[in-house]
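# Architecture at a glance
So the chains spell out like this:
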Amino acid sequence: MAHNHGKDDWTDDERVQRMVKSYNVRYDDEFWNAFELLTNRDSRSVVADFGCGPGLLLADIANRFKAHTAIALDESDQMLALAETYLKERTELKSIDIQKVNFDAEKIQVDSDSIDFAFSGFMLHEVASPSDFVTKVYKLVKSNGICVVYDFVSGNEEMFAKTMSEHGMSEEQARKRYPHMCKHSADDIVEILEKSGFSDCRALIIGEIRAVVVGLKR
Ligand SMILES: C[S@@+](CC[C@H](N)C(=O)[O-])C[C@H]1O[C@@H](n2cnc3c(N)ncnc32)[C@H](O)[C@@H]1O
């Protein structure tokens, strides 16, 4: 087991703003193309984002699936405040549920079998036990609901260092952070979803350093 490089501080203003500014880079056309290939356009009433950060993806997802309820979950007050603002500004949602929760230590206050679409972006590598976390998410998803996990993946440190340095991180810093940020391979994430109960799990790898993984709750 690789050494856990310690939790990142997601309350720092500069980091919060960096998440906002980099949204379109992190959720670029390649991401949406993969997302499109792995999901369909059926309406999904209740959407949730675990580790939603500033909530920009959740707003886009809510609009895309014509949702009436969005559940934004994160442990950072700063992130949740932004998520509330963006969800109000950018969507016509009937209900916005903002929940402060640490997935490692607290119970998630969401009804079992209530979520049609669950998402988690750049978060899986942050939780203490990915299997425990995805197992919790599985319980909250409805039958026929889906879960999408999007994260950096291991396998090509060179490409990670190159790509991150093109986006403003020093190459040295990227190499130092590789074991933490690229903790799992795409196959690992598929296995985590399968072991948590999801079926029909599939992954698409983007640029060798990111993967979008989907699972269905039967
Ligand atoms: C890299 S940011 C990604 C934010 C957002 N998903 C995005 O892609 O824009 C990771 C987020 O996960 C949250 N997070 C990390 N570990 C968490 C935990 N154990 N419980 C709840 N939230 C957590 C952080 O507060 C942060 O907002």
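Here, every reference points to the structure presented above.
Structural notes, computed from the coordinates. Owing to the predicted nature of the structure, the values given are computational and were not obtained by experimental measurement.

## Thoughts on the site of the ligand
Near the ligand lie 21 residues; those nearest to it are R26, Y27, G51, D74 and G121. Take N102: an N or O atom from its side chain is 3.1 Å from a nitrogen atom of the ligand. The contact in question runs from a nitrogen atom of the ligand to an N or O atom on the backbone of F103, over 2.9 Å. With the chains in place, 98% of the 600 Å² that the ligand exposes on its own is no longer accessible. The class makeup of the residues in the shell around the ligand is 10 nonpolar, five polar and six charged.

## Comments concerning the pattern of salt bridges
Charged atoms that come close allow side chains of opposite charge to pair. Per the counting criterion, the structure on display carries 14 salt bridges. Of the charged contacts in the structure, one is a salt bridge between R64 and E36, with a shortest N-O distance of 2.7 Å. Note that R64 is positioned in helix 4 (residues 56-64) and E36 in helix 3 (residues 29-38), a separation of 28 residues in sequence. By relative accessible area, E36 is classed as partly exposed at 37%. Of the charged contacts in the structure, one is a salt bridge between E157 and R175, with a shortest N-O distance of 3.4 Å. Here E157, found in helix 7 (residues 157-166), pairs with R175, found in helix 8 (residues 171-181); they are 18 residues apart in sequence, far enough to count as distant. A residue is classified by how much of its surface remains accessible, and E157, at 30% relative accessible area, is partly exposed. Via salt bridges that share partners, E157, E158, E171 and R175 belong to a single interconnected network.

## Digging into the packing of helix 4 against helix 5 (residues 77-90)
How two helices sit against one another is set out by the angle between their axes and by the gap between those axes. Running from amino to carboxyl end, helix 4 crosses helix 5 at an angle of 30°, the nearest separation of the two axes being 8 Å. When the interaxial angle is binned, helix 4 and helix 5 end up roughly parallel. Crossing of helix 4 against helix 5: the hand is right-handed. Only Y86, L87 and R90 of helix 5 make contact with helix 4, whose side of the interface consists of L56, L58, A59 and N63. Counted by class, the contact of helix 4 with helix 5 contains five nonpolar, one polar and one charged residues.

## A closer look at the environment of C147
Residue position: C147 is located in strand 5 (residues 141-152). Separated by 70 residues in sequence, C147 and K217 have C-alpha atoms that sit 8.0 Å apart. Ignoring sequence-local partners within four residues, the contact set of C147 consists of A118, V137, L193, F198, V213, V214 and G215.

How each quantity is defined
Residues numbered from 1 in each chain as written. Predicted model: local features only at pLDDT ≥ 70, side-chain atom pairs only at ≥ 80, totals over all residues. Heavy atoms only, no water. Near = heavy atom within 4 Å. Polar contact = N/O pair within 3.5 Å; in protein donor to acceptor, adjacent residues only side chain to side chain. Areas by Shrake-Rupley, 256 points an atom, 1.4 Å probe, with all protein chains shown as cover. Nonpolar A, V, L, I, M, F, W, Y, C, P; charged D, E, K, R; others polar. Salt bridge = Lys/Arg side-chain N within 4 Å of Asp/Glu carboxyl O. Helix = DSSP H or I, 4+ residues; strand = E, 2+ residues; numbered from the N terminus. Buried < 20%, exposed > 50% of the residue type's maximum accessible area, 1.4 Å probe, protein only. Axes fitted to C-alpha atoms, helices over the stretch in contact; angles between N-to-C directions. Parallel < 35°, antiparallel > 145°, perpendicular 65-115°, else oblique. Left-handed = near helix turned anticlockwise from the far one by under 90°. Contact = heavy atoms within 4.5 Å.

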